[in-house]
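Architecture and fold: a report
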Amino acid sequence: MRVLGVDPGLTRCGVGVVEGVPGRPLTMLGVGVVRTPATAELGARLVAVEEGIEQWLDEHRPEFVAVERVFAQHNVRTVMGTAQASAVAMLCAARRGIPVALHTPSEVKAAVTGSGRADKAQVGAMVTRLLRLSAPPKPADAADALALAICHIWRAPAQNRLQQAVARHEAHAAKAAHAGHAAHGAHAAHATKGRTA
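The structure reproduced in this document is the subject of the present report. Small disclaimer: the values here were computed from a predicted structure and weren't measured. (Residues numbered from 1 in each chain as written. Predicted model: local features only at pLDDT ≥ 70, side-chain atom pairs only at ≥ 80, totals over all residues. Heavy atoms only, no water.)

1. Considerations on the side chain of Ser-86
Assignment of secondary structure puts Ser-86 in helix α2 (residues 76-95). Filtering out sequence-adjacent residues up to four positions away, Ser-86 remains in contact with Pro-8, Val-67, Glu-68 and Val-70. (Helix = DSSP H or I, 4+ residues; strand = E, 2+ residues; numbered from the N terminus. Contact = heavy atoms within 4.5 Å.)

2. Observations concerning the environment of Met-28
When you line up the elements, Met-28 lands in strand β3 (residues 27-35). Judged by its relative accessible area of 27%, Met-28 falls in the partly exposed class. Separated by 122 residues in the primary sequence, Met-28 and Ile-150 have C-alpha atoms spaced 9.5 Å apart. With residues near it in sequence (within four places) discarded, Met-28 still touches Val-17, Leu-131, Leu-133 and Leu-146. (Buried < 20%, exposed > 50% of the residue type's maximum accessible area, 1.4 Å probe, protein only.)

3. As for the pattern of salt bridges
Taken as a whole and assessed by the stated rule, the structure comprises eight salt bridges. The partner of Arg-96 in a salt bridge is Asp-58, with the nearest N and O atoms 2.7 Å apart. Of this pair, Arg-96 sits in the loop between α2 and β5 (100-103) while Asp-58 sits in helix α1 (residues 42-60), and the two are 38 residues apart along the sequence. Relative accessible area serves as the criterion here: at 31%, Arg-96 is assigned to the partly exposed category. With a shortest N-O distance of 2.4 Å, Lys-120 and Asp-144 are connected by a salt bridge. Residue Lys-120 is located in helix α4 (residues 120-130), and its partner Asp-144 is located in helix α5 (residues 140-196); the two are separated by 24 residues in the primary sequence. One salt-bridge network, in which partners are shared between bridges, spans Glu-50, Glu-54, Asp-58, Arg-95 and Arg-96. (Salt bridge = Lys/Arg side-chain N within 4 Å of Asp/Glu carboxyl O.)

4. A short note on α2
Residues spaced three or four apart along an α-helix face the same direction, because each turn holds 3.6 residues. Here α2 spans 28 Å end to end across 20 residues, near enough to the 28 Å set by a 1.5 Å rise per residue. Those residues of α2 that sit buried are Val-79, Gly-81, Thr-82, Ala-85, Ser-86, Val-88, Ala-89, Cys-92 and Ala-93. Next to the buried residues of α2 lie β1 (2-7), α1, β4 (64-68) and β5. (Expected span 1.5 Å × (residues − 1).)

Here it is, written out as structure tokens:
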């Protein structure tokens, strides 16, 4: 499984590609940051983020894109920029038909470090260890993007099983409802025939 992790941000958007399967050593294929100048107009910055992510998609051809789920912070302006960059990443993936998964920061921290309250240094240290790197990726946004990709590789099988179970349940319920309608229709037709006879 090859996953592009995206730590969304307008000034620095972390990107990292990890390949592997649960229970086996993972491999980092690339890590970096898409940067935009804070002085540029918003539209131009979003285009720059889009172009940067498109380059990563072209180069690495991931099977999945994992994006950090935006959560409320005190700084509304920061949240807005993060949400906008997140939407651009999802759009780029959707346009190519690549499935997108959203993971909360605490989910990512718990998956990578075992604690949902781990700090950035702990996440960076675990990412370095898990991917057998010589040093933690800099800046922290880059390490966070790799952590997102790792989290998705490890969580995807469980999520897929859950989605398949839900789909099976819904299909079974729909089949049962259809069978009920068919039986009711046959009964109604029989009753009508009895009256007209």
